[in-house]
Amino acid sequence: GQQVMQIPQYQHVQEGEDFTTYCNSSTTLSNIQWYKQRPGGHPVFLIQLVKSGEVKKQKRLTFQFGEAKKNSSLHITATQTTDVGTYFCAAWGNQFYFGTGTSLTVIP
Amino acid sequence: DAGVTQSPTHLIKTRGQQVTLRCSPKSGHDTVSWYQQALGQGPQFIFQYYEEEERQRGNFPDRFSGHQFPNYSSELNVNALLLGDSALYLCASSFLQGEAFFGQGTRLTVV
C-alpha cells in the first residue's frame, strides 16, 4: 500500500542553523500537505502543494513539491526556539496518509 | 468562531469496555475525519465522514465505528477496548480533502 516516509526522524540544531525534512512517497501524489505539531499539542496545517515543481514560502519556511510529485521538502532558515515540534507531511490516497514525521529540537 | 472541539479531553476505560468520543467541527465545515495517534507516532487515519456517511476508511477493525449528525458533528465509537487502543484520538474538520483543522484530541487510556 501507499507509504509516506520522512527523513530524518529526529534533528537537533543550534538556534540559527537551517533545517530540512524530506518526504517521499511510493506513489504519485495529487497534492501534499504539511503540518506542525508542538509537544503535547495537535497538528496545525502549514501549507498545501498541488503543482509539480511548486515552491511556496512562508517567512523562514520554504516548501517544495517534486517534479514527479513523489517527494516534497520543508526547509527552515535560521531556526528559532519557536520552531520546535514535529513536522509531518500528509497526502490523500485511498485514505489520508501522514508521514512518519521529523522531530525538531532547537538548542538555544 | 469556535474551532474544532472534542470531548472528553481525557478518559480512562477498562479492557472490554466501549467508548464514545465526540467532535464538533469548525463552523462551516462539512467533513469530519478521525485519527489515532500513539505516543511518538504520526496520526493514523481511521475514517472520514461527509454527508452523514463514511466516505473513506483506514486500516482499522470494525470495532471502530462512527457517525455524523445532520449538524456535521461526529462520534467515534470503539467497542471491546484493548490495551493497544490507548492513544490520542484526534478529530479534524475540513471541506472534503482540503486543509484540515484539528481539535485538541481525547487522550484515551485503557487499563
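Residues numbered from 1 in each chain as written. Chains lettered and ligands numbered in written order. Predicted model: local features only at pLDDT ≥ 70, side-chain atom pairs only at ≥ 80, totals over all residues. Heavy atoms only, no water.

Draft legend 1. Highlighting the overall build of chain A. Helices and strands together make up the secondary structure of chain A, namely zero helices and 11 strands. N-terminal to C-terminal, the α/β element order of chain A is β-β-β-β-β-β-β-β-β-β-β. Taken over C-alpha atoms, the radius of gyration comes to 13 Å for chain A, in line with the 13 Å a tight globule of 108 residues would show. Counting only C-alpha atoms and orienting by the principal axes, one finds that chain A spans roughly 40 × 25 × 20 Å. When burial is assessed residue by residue, chain A has 50% of its 108 residues classed as buried. (Helix = DSSP H or I, 4+ residues; strand = E, 2+ residues; numbered from the N terminus. Rg over C-alpha atoms; globule rule 2.2 N^0.38 Å. Buried < 20%, exposed > 50% of the residue type's maximum accessible area, 1.4 Å probe, protein only.)

Draft legend 2. Local environment of the interface of chain A and chain B. Facing 15 residues of chain A, the contacting portion of chain B comprises 19 residues. Around 1,500 Å² of area is buried between chain A and chain B when both sides are counted, 53% of it from carbon and sulfur atoms. Of all residues in chain A, the largest losses of buried area upon contact with chain B belong to A:His42, A:Trp92 and A:Gln95, amounting jointly to 39% of the total for that side. Counting across the chain A and chain B interface gives zero salt bridges. There are five residue pairs in polar contact (both at pLDDT 80 or more) connecting chain A and chain B. (Contact = heavy atoms within 4.5 Å. Buried area = accessible area lost by both parts, 1.4 Å probe. Salt bridge = Lys/Arg side-chain N within 4 Å of Asp/Glu carboxyl O. Polar contact = N/O pair within 3.5 Å; in protein donor to acceptor, adjacent residues only side chain to side chain.)

Draft legend 3. Fine view of the packing of aromatic side chains. On inspection of all chains with the given rule, the structure shows 16 aromatic pairs over all chains. Plain terms: the ring middles of A:Trp92 and A:Phe96 are 4.8 Å apart, the flat faces sit at 35° to each other, and that makes the pair tilted. One aromatic cluster is present, built from ring pairs that chain together A:Tyr35, A:Phe45, A:Phe88, A:Trp92, A:Phe96, A:Phe98, B:Tyr35, B:Phe45 and B:Phe102. The ring centre of B:Phe101 lies 5.0 Å from the NZ or CZ of B:Lys26, which sits over that ring. (Phe/Tyr/Trp six-rings, centres within 6.5 Å; stacked < 30°, edge-to-face > 60°. Lys NZ or Arg CZ within 6 Å of the ring centre and 35° of its normal.)

Draft legend 4. Layout of the sheet that holds strand E1 (residues 4-7) of chain A. Residue and element names in this part refer to chain A. Taken together, five strands build an open sheet; the order of strands is E1-E3-E8-E7-E6 and the sheet is antiparallel. Every interior strand has two partners, whereas the edge strands, E1 and strand E6 (55-58), have only one. Taking each pair of neighbouring strands and ignoring which way they run, the sheet shows an average axis angle of 15°. Inspection of the sheet shows E1 paired to strand E3 (residues 19-25) by four bridges, in the antiparallel sense. Along E3, the bridge assignment pairs Val4 with Ser25. (Pairing = 2+ DSSP bridges. Axes fitted to C-alpha atoms, helices over the stretch in contact; angles between N-to-C directions.)

Draft legend 5. Representation of the side chain of B:Arg63 in the model. All names here are of chain B. Within the secondary structure, Arg63 sits in the loop between strand E6 (53-57) and strand E7 (64-68). Here the side chain of Arg63 touches Asp85 through a polar contact of 2.9 Å, side chain to side chain. Ignoring sequence-local partners within four residues, the contact set of Arg63 consists of Asn77, Val78, Asn79, Ala80, Leu81, Leu82 and Asp85.

Draft legend 6. Representation of the environment of A:Thr102 within the structure. Residue and element names in this part refer to chain A. Tracing the backbone through its elements, the reader meets Thr102 in strand E11 (residues 102-107). It is 9.9 Å that separates the C-alpha atoms of Thr102 and Met5, two residues lying 97 residues apart in sequence. Side-chain polar atoms of Thr102 contact the side chain of Thr21, separated by 2.7 Å.

Draft legend 7. Up close: the sheet that holds strand E3 (residues 19-24) of chain B. All names here are of chain B. Spatially, four strands are ordered E1-E3-E8-E7 in an open sheet, and the strand pairing comes out antiparallel. Edge strands, defined here as strands with exactly one partner in the open sheet, are strand E1 (5-7) and E7. Ignoring strand direction, the axes of neighbouring strands in this sheet form an average angle of 20°. Direction of pairing for E3 relative to strand E8 (residues 74-78): antiparallel, over a ladder of five bridges. Of the residues in E8, the one forming a bridge with Thr20 is Asn77.

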